[in-house]
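Spelled out, the chains give:
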Amino acid sequence: MIANPIPWPNGARCACAITLDVDADSLIHVARPQDSYDRLYPITMGRYGPTVAVPRILETYRRLGLKQSFFIPAWTMENYPAAVEAILRDGHEIGHHGYIHEDPAAIGTDLQRERFERALRTHVTMTGRKPRGYRAPLYNATQATLDLLVEHGFTYDSSLMADDIPYLMQTPRGKLYEMPPHWGADDWPPFAHFAEIGYMMPVKSPSEGLAASFEEFEAQYEAGGFWMGIWHPFLTGRLARWRVVERWLEDVLANRKVWFATLEEIAAHVDGLVRAGSYGIRVESLPYFTQPVIP
């Protein structure tokens, strides 16, 4: 059970967010930079996300009255502006997800800053403001990543996994809310079959693959907690899988006391409780380590 559940608005028992990582074909360009331009199958698999799946997902959200969060690499935003415009037109949140899905832990501090700030400029140009939230590609946030988020005034990160519910990270540079993801509610393990980038998951049927996410929801609902799906349009946005999602959403909205909101809204709600002194949030102090643990 959750030791200190957060009081959610309007008597909701659980705060819920479906977060869509719209990576498109950025993944193949990072993995195979020398010849990715001529690898048509992985390019088309990625393109399916912003061109086919995102319109399908947005139509569902409009019908059900949902506003949700999308994390998009800036390179993807630049190359698929129609998807960005459609997401913004419907009032959804777009969060920072690197420039071209580069791994922050693999590129070094200086290049991470250059790519991070380059992506910020794209966000401002295309959305009119800096994003409030960030998700590290591959979840590989480093201490330098958190420092950049604090420096640039971000409200929350959604990469780290130290709790079941939102918590506060205290760093030497400042504070940042964490909206914790978890692989149990991520669609990559059941659906990612992508030899070119080193993933060959045994692809599950739509209902079996999504069952893990839905079971995670049931536990969070029982505990009065926070559930977040971490899905990719080119995976879960495919026709049969999204049909399963639609039917699940219809059932949850009709029969459960839930609050579906963007991560920005959820973070703002938690911050309001903390500032008012009406909720004692758990704090993680960082950095955890400053040098190799084993010499």
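Residues numbered from 1 in each chain as written. Predicted model: local features only at pLDDT ≥ 70, side-chain atom pairs only at ≥ 80, totals over all residues. Heavy atoms only, no water.

K.L.:
What should I look at first to understand the overall build of the protein chain in this one?
P.N.:
Summing up its helical and strand segments, the protein chain has 12 helices and 12 strands in all. Taken along its principal axes, the extent of the C-alpha atoms in the protein chain is 55 × 50 × 40 Å. Out of the 295 residues belonging to the protein chain, those deemed buried represent 54%. Taking all contacts inside the protein chain whose residues are at least 6 apart in sequence as the whole, residues at least 24 apart take part in 71%. When the accessible area of the protein chain is evaluated, it comes to approximately 13,100 Å², of which 52% is carbon and sulfur surface. A gap of 4 Å separates the mean positions of the 28 positive and 36 negative side-chain charges of the protein chain. (Helix = DSSP H or I, 4+ residues; strand = E, 2+ residues; numbered from the N terminus. Buried < 20%, exposed > 50% of the residue type's maximum accessible area, 1.4 Å probe, protein only. Contact = heavy atoms within 4.5 Å. Areas by Shrake-Rupley, 256 points an atom, 1.4 Å probe, with all protein chains shown as cover. Lys, Arg positive; Asp, Glu negative; His and termini not counted. Charge placed at Lys NZ, Arg CZ, Asp CG, Glu CD.)

K.L.:
Sorry if this is basic, but what is going on with the nonpolar core here?
P.N.:
The biggest cluster of nonpolar side chains holds 73 residues, and the ones touching the most others in it are W227, F260 and I266. Looking at which element gives the most residues to this core, the answer is helix α2 (residues 40-64), with 8 residues. Those residues in contact with I266 that sit more than four places away from it in its chain are W8, A15, C16, A17, M179, F226, W259 and A261. L146, L148, Y167 and L176 belong to the second largest nonpolar core, which has 13 residues in total. (Core = buried A, V, L, I, M, F, W, Y, C linked by side-chain atoms within 4.5 Å.)

K.L.:
Can you help me understand the pattern of salt bridges in this one?
P.N.:
Any two side chains of opposite charge can pair, so long as their charged atoms come close to each other. Applying the stated criterion across every chain, the model contains 16 salt bridges. Between R63 and E250 there is a salt bridge; the shortest N-O distance is 2.9 Å. Of the two residues, R63 is situated in helix α2 and E250 in helix α11 (residues 239-255); the sequence distance between them amounts to 187 residues. Residue class for R63 comes out partly exposed when judged on its relative accessible area of 44%. With relative accessibility at 34%, the residue E250 sits in the partly exposed group. The network of salt bridges with common partners includes R63, E246 and E250. (Salt bridge = Lys/Arg side-chain N within 4 Å of Asp/Glu carboxyl O.)

K.L.:
Looking at this structure, how should I read the environment of D164?
P.N.:
Within the element layout of this structure, D164 appears in the loop between β5 (156-157) and β6 (167-171). Residue D164 is classed as partly exposed on the basis of its relative accessible area, which comes to 44%. Counting along the chain gives 62 residues from D164 to F226, while the straight-line C-alpha distance between them is 7.0 Å. Not counting residues up to four positions away in its chain, the partners in contact with D164 are P180, Q220 and F226.

K.L.:
Any chance you could explain a nonpolar patch on the surface here in plain terms?
P.N.:
Together, Y288, F289, V293 and I294 make up an exposed nonpolar region whose accessible area comes to about 510 Å². Mapped onto the elements of the fold, F289 is located in the segment after β12 (283-285). Taking relative accessible area as the criterion, F289 reaches 61% and is therefore assigned exposed. (Patch = residues over 30% accessible without salt bridge, like charges linked within 9 Å, V, L, I, M, F, W, Y side chains within 5 Å.)

K.L.:
Would you mind showing me how to read the packing of helix α6 (residues 109-127) against helix α7 (residues 143-151) here?
P.N.:
Axis angle and axis distance: for two packed helices, these are the angle between their axes and the distance between the axes, and together they describe the pair. The contact between α6 and α7 brings their axes to 10 Å, and the two run at 40°. Seen along the crossing, α6 lies across α7 with a hand that is right-handed. Seen from α6, the contacting residues are T109, Q112, R113, F116 and E117; seen from α7, they are A144, T145, L148, L149 and E151. For the contact of α6 with α7, the class distribution of residues is 4 nonpolar, 3 polar and 3 charged. (Axes fitted to C-alpha atoms, helices over the stretch in contact; angles between N-to-C directions. Left-handed = near helix turned anticlockwise from the far one by under 90°. Nonpolar A, V, L, I, M, F, W, Y, C, P; charged D, E, K, R; others polar.)

K.L.:
Would you mind showing me how to read unusual backbone geometry here?
P.N.:
For residues that are not glycine, phi is negative in most cases, and the peptide bond is trans in most cases. The residue after L286, namely P287, is reached through a cis peptide bond having omega 5°. The topology assignment puts P287 in the segment after β12. A positive phi angle, close to 55°, is found at N10, a residue other than glycine. Residue N10 is classed as exposed on the basis of its relative accessible area of 82%. In this structure, L138 takes a positive phi of about 65° despite not being glycine.

K.L.:
Is there a simple way to think about the packing of aromatic side chains in this case?
P.N.:
Here the distance between the centres and the angle between the planes together describe a pair of aromatic rings. Counted according to the given criterion, the structure contains 15 aromatic pairs. An angle of 90° between the planes, with centres 5.3 Å apart, marks the rings of F217 and W248 as edge-to-face. Of this pair, F217 sits in helix α9 (residues 206-223) while W248 sits in helix α11, placing them 31 residues apart in sequence. Given the relative accessible area of 0%, F217 is considered buried. Pairwise contacts between aromatic rings join F214, F217, Y221, W227, W231 and W248 into one cluster. A cation over an aromatic ring shows up here: R118 above the ring of Y99, its NZ or CZ 4.1 Å from the ring centre. (Phe/Tyr/Trp six-rings, centres within 6.5 Å; stacked < 30°, edge-to-face > 60°. Lys NZ or Arg CZ within 6 Å of the ring centre and 35° of its normal.)

K.L.:
How do you make sense of the side chain of H92 when you look at a structure like this?
P.N.:
With respect to the helices, strands and loops of the structure, H92 is situated in the loop between α4 (81-89) and β3 (93-96). On the basis of relative accessibility, which here comes to 6%, the residue H92 falls in the buried class. A distance of 2.9 Å separates the side chain of H92 from the backbone nitrogen of Q68, its partner in a polar contact. The contact partners of H92, leaving out residues within four places of it in the chain, are L58, Y61, L66, K67, Q68, F70 and I87. (Polar contact = N/O pair within 3.5 Å; in protein donor to acceptor, adjacent residues only side chain to side chain.)

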